[in-house]
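Notes for the structure review
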Amino acid sequence: RRQHARLNAHQAAITCDGHQLEVVANIGGIKDASQSVTMGGEGVGLLRSEFLYLDRVTEPTEQEQYEIYRDVLLELGPERPLIVRTLDVGGDKPLNYLPLPSEENPFLGLRGIRIGLDRPTLLRKQVRAILRASAHGRIRIMFPMIATLNELKLAKQVVEEERIKLDVAPIEIGIMVEVPSTAVLAEQFAPEVDFFSIGSNDLSQYTLAMDRGHPKLAAFVDGLNPAVLSLIKMTADAAKRHGKWAGVCGGIASDPQAVPLLIGLGIHELSVSVPVLAEIKSQIRELTLTQCQELAAKALQLTDAKEVRALVPTVD
Ligand code: PEP
Ligand code: MG
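Residues numbered from 1 in each chain as written. Chains lettered and ligands numbered in written order. Predicted model: local features only at pLDDT ≥ 70, side-chain atom pairs only at ≥ 80, totals over all residues.

Going by an unreviewed UniProt entry, the protein chain carries the name phosphoenolpyruvate--protein phosphotransferase and comes from Corallincola luteus.

If you want it as structure tokens, here you go:
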């Protein structure tokens, strides 16, 4: 099966009844970019930009960042889009050159976009590097951990101000949906974004109020929990009503049991880990949209992730 999937890696992911999904990659550096292309990736749905900032004594310069984004775009070629997520660290991962006060609850503290808004020069430098790289391909920007509309407006303002200074064309702006408030208000966020990308790892942790790294609880932090599925549906519905698209870049996008549910809930883009790109595409070619919609409707009626997993066939 795996071999068969690899042989067809470069074919589109279209269901038996003609519904096309975009299958893109989660990457953490330039090497993954070229590999994702080989494995049939149709672009990058999540570039975790943390690798540029971690394990070093000084902040990466704008030029350094620009060159890396440009090189990733050149690997992807002119057609495949690249979504760069701005720096997503928090008090649990302090950087040498970015001293952060220690916090009682780092997962509920200054993290993701909150750091960018708190330290605007850090965010501005990254935004400028992304905007400059836009000359070399289809680059999009995405903000992590957006919880309120005001955060989004402030972050968009930074992009617009730097864009005018650099005198470049607008680029698409999206947000991670990984805080429940944002999924609940997706209808209000949708007019303000070009796309949503659901971070199911954090969305599950915050919905269930269970630490995703907790030794006893992590196993229950499952994006197939119907409460999480319901938030995913709200996000996908709001996107559709406003002519936008919604993707998933959290771990469940790479989980064959979750794939039919996500399609049935109205998700259009799956951003998956590089090694499973071909298999997820191959799985999609064996599904029908109607069957996925029926399955999703049933899953939403259940009460926990275990029941949902029992409902969905496993793929071997
Ligand atoms: C997520 O939260 O689902 C996500 C994709 O982001 P990260 O795993 O980097 O927090
Ligand atoms: Mg996250």
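Looking at the overall build of the protein chain
Each helix and strand in the protein chain was counted, giving 14 helices and nine strands. Here the C-alpha radius of gyration of the protein chain, 19 Å, is about what a compact globule of 316 residues would show, namely 20 Å. Along the first, second and third principal axes, the C-alpha set of the protein chain runs to 50 × 45 × 35 Å. When each of the 316 residues of the protein chain is scored for burial, the buried share is 47%. (Helix = DSSP H or I, 4+ residues; strand = E, 2+ residues; numbered from the N terminus. Rg over C-alpha atoms; globule rule 2.2 N^0.38 Å. Buried ≥ 20, exposed ≤ 12 C-beta atoms within 10 Å, placed from the backbone.)

Thoughts on the site of ligand 1
Close to ligand 1 lie R48, D88, E178, G199, S200, N201, D202, C249 and G250, which account for all nearby residues. No other element matches helix α9 (residues 200-208), which puts three residues into the shell around ligand 1. In the shell around ligand 1, the residues fall into one nonpolar, four polar and four charged. (Near = placed C-beta within 6 Å. Nonpolar A, V, L, I, M, F, W, Y, C, P; charged D, E, K, R; others polar.)

Structural notes on the packing of helix α2 (residues 30-38) against helix α3 (residues 62-76)
The relative placement of two packed helices comes down to the angle between their axes together with the axis-to-axis distance. One can describe the packing of α2 onto α3 by two numbers: an axis separation of 9 Å at closest approach and a directional angle of 10°. As far as their axial angle goes, α3 and α2 are roughly parallel. Of the residues in α3, those in contact with I30, A33, S34 and V37 of α2 are I68, D71, V72, E75 and L76. Taken together, the residues of the contact of α2 with α3 break down into six nonpolar, one polar and two charged. (Axes fitted to C-alpha atoms, helices over the stretch in contact; angles between N-to-C directions. Parallel < 35°, antiparallel > 145°, perpendicular 65-115°, else oblique. Contact = placed C-beta atoms within 7 Å.)

Describing the confidence of the model for the protein chain
This prediction gives the protein chain a mean pLDDT of 96; 99% of its residues lie at or above 70. Predicted complex, confidence summary: ipTM 0.99, pTM 0.97. (pLDDT = per-residue confidence, 0-100.)

Here's the deal with the pairing of strand β3 (residues 44-48)
Most of β3 sits inside the fold, with four of its five residues counted as buried. Inspection of the sheet shows strand β2 (residues 20-27) paired to β3 by three bridges, in the parallel sense. Opposite N26, over in β3, you have L46 as the bridge partner. One ladder, built from three bridges, connects β3 with strand β4 (residues 82-85); its direction is parallel. (Pairing = 2+ DSSP bridges.)

What about α3?
Compared with an ideal rise of 1.5 Å per residue, which puts 15 residues at 21 Å, α3 spans 21 Å between its outermost C-alpha atoms and is within 8% of the ideal. Among the residues of α3, those classed as buried are Q65, Y66, I68, Y69, V72, L73, E75 and L76. Directly beyond the C-terminal end of α3, a positive phi value near 80° is found at G77. (Expected span 1.5 Å × (residues − 1).)

Considerations on unusual backbone geometry
Phi at D55 takes a positive value of approximately 55°, unusual for a residue other than glycine. Turning to its location among the elements, D55 is positioned in the loop between β3 and α3. When the 8 C-beta atoms within 10 Å are taken as the criterion, D55 is described as exposed. One non-glycine residue, A209, lies in positive phi territory at about 55°. Tracing the sequence through the fold places A209 in the loop between α9 and α10 (226-241). With 9 C-beta atoms counted inside 10 Å, the residue A209 sits in the exposed group.

Some words on the packing of helix α5 (residues 120-133) against helix α6 (residues 149-166)
Axis separation between α5 and α6 bottoms out at 9 Å; the angle between their running directions is 55°. Considered as vectors, α5 and α6 are oriented oblique to each other. You can see that α5 and α6 cross each other, and the crossing is right-handed. Residues P120, L123, R124, V127, R128, L131 and R132 of α5 form the contact with α6, whose participating residues are V158, V159, E162, R163 and L166. Taken together, the residues of the contact of α5 with α6 break down into seven nonpolar, no polar and five charged. (Left-handed = near helix turned anticlockwise from the far one by under 90°.)

Points about α2
D32, A33, S36 and V37 are the residues of α2 that are buried. The arc that holds every buried residue of α2, seen down its axis, measures 140°, which confines them to one face. In this structure, the buried side of α2 is in contact with β2, β3, α3 and α12 (277-284). (Arc of directions from axis to C-beta.)

With respect to the nonpolar core
A general feature of soluble globular proteins is that nonpolar side chains tend to end up buried together. Ranked by internal contacts, the top residues of the largest apolar core, which has 92 residues, are V44, Y69, I175, L262 and L270. Among the elements that take part in this core, α10 stands out by supplying eight residues, more than any other. Beyond its immediate chain neighbours, meaning those up to four positions away, Y69 contacts V84, A129, I130, A133 and I139. (Core = buried A, V, L, I, M, F, W, Y, C linked by C-beta atoms within 7 Å.)

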